[in-house]
Amino acid sequence: MTTHIESEEHKALRSAVAALGKRYGREYLTRTVAEGKPLTELWSEAGRLGYLGVSLPQEHGGGGGGITELSLVLEELGAAGSPLLMLVVSPAICGTVISRFGTEAQKRRWLPGIADGTRLMAFGITEPDAGSNSHRITTTARRDGTDWLLTGRKVFISGVDMADAVLIVGRTEDARTGNLKPCLFIVPTDAEGFHKHPIDMELNAAEKQFELVLDDVRLPADALVGDEDAGLLQLFAGLNPERIMTAAFAIGMGRYALAKAIEYARDRTVWKSPIGAHQAIAHPLAQAHIDLELARLMTQKAAHLYDSGDDIGAGEAANMAKYAAGEACVKAVDQAVHTLGGNGLTREFGLASLITAARVARIAPVSREMILNYVSHQTLGLPKSY
Ligand SMILES: Cc1cc2nc3c(=O)[nH]c(=O)nc-3n(C[C@H](O)[C@H](O)[C@H](O)COP(=O)(O)OP(=O)(O)OC[C@H]3O[C@@H](n4cnc5c(N)ncnc54)[C@H](O)[C@@H]3O)c2cc1C
């Protein structure tokens, strides 16, 4: 199987999802965000149609595909103007980690609902005092009989208001070496001692971000997903899909903005010919298109490596794909807004808010600079400054 030429099945999946996206589209998203509501109708329908669970195992209600298929779903919904951010989190991170490392009971309990969208799981790794340096996370689990008591703080956790539980990255209390020894816990959002506070973001998005305070949250033994000592491997089993999905999110958004700009540039005429005939307008749009296509190619490579079980190879490719897609998205949105002149900043055309939204793909889940650091050290073998 090649990664650069899409199969007929993938093309069919793309067009089916694109058709769903078109039925909802930007207008639906704008209206729902204005009402302060989540994108429940689109989420539920995508779940019923099997799109949310496309990467999860068939015996647990999924479609039996991989991150390749799930990233197609997100890209096409984004290209239609109504991306579902929680696809990055609930099926791609949490669903993957549970299906790869969970117990049979955890799989039975969570996967069917994650697959059909009736249950949603958020993901929490970022901490206020650790940020990009996940080695510094201090959320700590200590044993109390057979239970765990989890204490710590998390920040920028998406979709907690919609979630039944959050997959929290903590560390075990005896991890004194300073090495990252993460362990993953399923924490129900209604647990005692679990507090969430919305963060006032300047983002025109339906998914809200939260600060979490975990104050001695008591969890049963089976809240731990996977092995207490195999943390890093299990964590990256979820973080690589997160990067691939963020790349797909960025490519979808870039395509949406670019399509709007092209449509406008074909018609808008202030001299003799439409503005799209001026190379100063046409060439940056062509460059944006090329950058998005290249980013997609890297995303497909990363997804292919991941789905074929090459976790190490997928790590580098997923980082590069996220970097390329984040940059391509930021540039495409910037050029799209510019192409519309004053209309680029009106609510009617709805592009200006994408300027902030596009930046999410540059900063999260791992920033542009941290990917450049990764490539400098891991790929190029250059020394570390930090
Ligand atoms: C909309 C949104 C949704 C999010 N959703 C989630 C979620 O669901 N779950 C979750 O766990 N997290 C989530 N995050 C958090 C996100 O992953 C972090 O914001 C990101 O990892 C960066 O961490 P930070 O914000 O603390 O920035 P910092 O680590 O403080 O970095 C600030 C700046 O310094 C730069 N920098 C830091 N260290 C270095 C270095 N060594 N070399 C060069 N430059 C450096 C960074 O690149 C960045 O530009 C979300 C963030 C956003 C914006």
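All of these numbers come straight from a predicted model, not from anything done at the bench.

### Comments concerning the overall build of the protein
Right, on to step 1. Broken down by element type, the protein carries 10 helices and 8 strands.
Right, on to step 2. In terms of its C-alpha atoms, the protein occupies a principal-axis envelope of roughly 80 × 50 × 45 Å.
Right, on to step 3. For the protein, the proportion of its 386 residues judged to be buried stands at 46%.
Right, on to step 4. Long-range pairs, those at least 24 residues apart, make up 73% of the contacts in the protein between residues at least 6 apart in sequence.

### Some points on the UniProt feature "domain: Acyl-CoA dehydrogenase/oxidase C-terminal" (unreviewed entry) in the protein
Right, on to step 1. Summarizing the sequence annotation, UniProt attributes the feature "domain: Acyl-CoA dehydrogenase/oxidase C-terminal" (unreviewed entry) to residues 231-373 in the numbering used throughout.
Right, on to step 2. The span residues 231-373 is 78% helix and 0% strand, and its two end C-alpha atoms sit 22 Å from each other.

### Points about the domain arrangement of the protein
Right, on to step 1. What the domain assignment lists for the protein is domain 1 (8-119), domain 2 (122-225) and domain 3 (231-379).
Right, on to step 2. Look at where the C-alpha atoms of domain 1 and domain 3 centre, and you get two points 20 Å apart.
Right, on to step 3. The set of elements that each furnish at least two residues to the side of domain 1 that touches domain 3 consists of helix H1 (8-34), helix H3 (67-79) and helix H4 (86-101).
Right, on to step 4. Here the side of domain 1 that touches domain 3 gets 10 residues from one element, more than from any other, and that element is H3.
Right, on to step 5. Tallied by class, residues from the side of domain 1 that touches domain 3 come to 13 nonpolar, 7 polar and 4 charged.

### Structural notes on the environment of His278
Right, on to step 1. Topologically, His278 is positioned in the loop between helix H6 (231-267) and helix H7 (279-307).
Right, on to step 2. Expressed as a C-alpha distance, the spacing of His278 and Ala265, which sit 13 residues apart in the sequence, is 9.3 Å.

### Remarks on H4
Right, on to step 1. Here H4 spans 21 Å end to end across 16 residues, near enough to the 22 Å set by a 1.5 Å rise per residue.
Right, on to step 2. Along H4, the largest kink reaches about 30° and is centred on Gly95.
Right, on to step 3. With 14 of its 16 residues buried, H4 lies for the most part within the structure.

### Structural notes on the packing of helix H8 (residues 311-339) against helix H9 (residues 353-363)
Right, on to step 1. Running from amino to carboxyl end, H8 crosses H9 at an angle of 170°, the nearest separation of the two axes being 8 Å. Considered as vectors, H8 and H9 are oriented roughly antiparallel to each other. Every pair of crossing elements has a handedness; the one defined by H8 and H9 is left-handed. Residues Ala325, Gly326, Cys329, Val330, Val333, Asp334 and Val337 of H8 form the contact with H9, whose participating residues are Leu354, Ile355, Ala358, Arg359, Ala361 and Arg362.
Right, on to step 2. When the residues that make up the contact of H8 with H9 are grouped by side-chain class, the tally is 9 nonpolar, 1 polar and 3 charged.

### Concerning the site of the ligand
Right, on to step 1. Neighbouring the ligand are 21 residues; Thr126, Gly131, Ser132, Ser367 and Glu369 lie closest to it.
Right, on to step 2. Looking at the shell around the ligand, the elements that each hand over two or more residues are strand S1 (121-124), strand S3 (147-158), H9 and helix H10 (368-379).
Right, on to step 3. Per-class residue counts for the shell around the ligand are 12 nonpolar, 8 polar and 1 charged.
Right, on to step 4. Looking at which domains feed residues into the shell around the ligand, each of domain 2 (122-225) and domain 3 (231-379) gives three or more.

Reading the values: the criteria
- Residues numbered from 1 in each chain as written.
- Predicted model: local features only at pLDDT ≥ 70, side-chain atom pairs only at ≥ 80, totals over all residues.
- Helix = DSSP H or I, 4+ residues; strand = E, 2+ residues; numbered from the N terminus.
- Buried ≥ 20, exposed ≤ 12 C-beta atoms within 10 Å, placed from the backbone.
- Contact = placed C-beta atoms within 7 Å.
- UniProt positions renumbered as here; feature names shortened; annotations may be inferred.
- Domains from an automatic or database assignment.
- Nonpolar A, V, L, I, M, F, W, Y, C, P; charged D, E, K, R; others polar.
- Expected span 1.5 Å × (residues − 1).
- Bend = angle between axes of the 7 residues up to and from the residue.
- Axes fitted to C-alpha atoms, helices over the stretch in contact; angles between N-to-C directions.
- Parallel < 35°, antiparallel > 145°, perpendicular 65-115°, else oblique.
- Left-handed = near helix turned anticlockwise from the far one by under 90°.
- Near = placed C-beta within 6 Å.

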